[in-house]
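# Structural description and commentary
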Amino acid sequence: MKIAVVYTSKTGNTEELIQILFQLFLNKNSDVALYRIEQFPLKELSQFDGIVLGTYTWGDGEIPCEMMDLYREFEIQNVRHIITGVVGTGDSGYPKFCGAVDGFRDMLYVQTKLAVTLKVELSPQRQDIERCKRFVGIFMDKL
Ligand SMILES: Cc1cc2nc3c(=O)[nH]c(=O)nc-3n(C[C@H](O)[C@H](O)[C@H](O)COP(=O)(O)O)c2cc1C
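The model shown is predicted, which means the values in this text are computed figures rather than measured ones.

### Observations concerning the site of the ligand
Ser 9, Lys 10, Thr 11, Thr 14 and Thr 89 are the nearest of the 20 residues found near the ligand. Thr 11 places a side-chain nitrogen or oxygen 2.4 Å from an oxygen atom of the ligand. Interatomic distance of 2.9 Å between a backbone N/O atom of Lys 96 and a nitrogen atom of the ligand. Relative to its unbound accessible surface of 650 Å², the ligand loses 83% to contact with the protein. Elements with a minimum of two residues in the shell around the ligand: helix H1 (13–27) and strand S4 (83–90).

What follows is the structure, given as structure tokens:
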């Protein structure tokens, strides 16, 4: 089962969260590869069995523009078989906390087999490790 973890991060919070999740996937001996969005082979999207997306939120609860090509590929390609999960960091001082996670969630729920989501306040703290473990456990059970 081939898994891709694909993310974007401007100031490092989401990258930190993704590093934790990636390590947890490796601990499960899964065939998992880590990509920054700029490196991800968009055209090969449908060849993955599982995809985890990581994103911060921008503007007024928006998905960052560098993630939009990937968003559109999910709508175009045959991705119905893919188990997906979406994680993000955000700042709850904004009205739409982790709005980008909600944006991806709604689309992935329609287009793929969405398994799990996770929202983290800014940079991951100790208590978030347990939530990350749960995320990976739920994702792997669905795969
Ligand atoms: C201009 C701007 C707009 C933002 N808008 C939101 C928002 O609508 N909702 C939210 O939860 N966080 C928002 N944030 C906070 C970031 O998503 C948050 O700091 C995130 O952890 C950054 O992730 P990164 O370190 O991976 O880049 C905004 C930040 C900036 C600078």
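Still more to cover.
### Remarks on the packing of aromatic side chains
For the coordinates displayed, the defined rule picks out 7 aromatic pairs. Taking the centre distance of 5.6 Å and the plane angle of 35 degrees together, the rings of Phe 40 and Phe 48 count as tilted. Like Phe 40, the residue Phe 48 is buried in the burial classification. With centroids separated by 5.6 Å and ring planes inclined at 85 degrees, the aromatic side chains of Tyr 56 and Trp 58 adopt a geometry described as edge-to-face. Accessibility expressed as a relative area gives 8% for Tyr 56, which makes it buried. Within the aromatic cluster, the residues linked to one another by ring pairs are Phe 25, Phe 135 and Phe 139.

### Let's talk about helix H3 (residues 99–111)
The end-to-end C-alpha distance of H3, which contains 13 residues, comes to 19 Å, matching closely the 18 Å that a straight helix rising 1.5 Å per residue would cover. Among all positions of H3, only Gly 99, Ala 100, Val 101, Phe 104, Met 107, Leu 108 and Gln 111 are buried. On the buried face of H3, the contacting elements are strand S3 (50–55), helix H2 (68–76), S4 and strand S5 (113–121).

Parameters and conventions
- Every chain is numbered independently, its residues counted from 1 as its sequence is written.
- In view of the model being predicted, local features appear only for residues whose pLDDT reaches at least 70, and side-chain atom pairs are presented and counted only at 80 or more, with totals across whole chains, interfaces and linings using the full set of residues.
- Think of the side-chain values as coming from all heavy atoms in the structure, minus any hydrogens and water.
- Put simply, a residue is near a molecule or strand once any heavy atom of it comes within 4 Å of that molecule or strand.
- Pairs of N or O atoms within 3.5 Å make up the polar contacts considered here, provided that, within protein, one atom can donate a hydrogen while the other can accept it, and that residues adjacent in sequence are counted only when both atoms are side-chain atoms.
- Accessible areas in this description were obtained via Shrake-Rupley with a 1.4 Å probe; residue shielding takes into account the shown protein chains only.
- Put simply, DSSP H or I for four residues or longer makes a helix, DSSP E for two residues or longer makes a strand, and each gets a number counted from the N terminus.
- Whether two aromatic rings pair depends on their centres lying within 6.5 Å, for rings of Phe, Tyr and Trp, where Trp uses its six-membered ring; planes under 30 degrees apart make the pair stacked, over 60 edge-to-face, and the rest tilted.
- Per-residue accessibility, obtained with a 1.4 Å probe over protein chains only, is compared with the maximum for each type, and a residue is labelled buried under 20%, exposed over 50%, and partly exposed between these values.
- In this analysis, the expected span of each helix is defined as 1.5 Å times one less than the number of residues it contains.
- Two residues qualify as a contact provided that any one of their heavy atoms is within 4.5 Å of a heavy atom in the partner residue.

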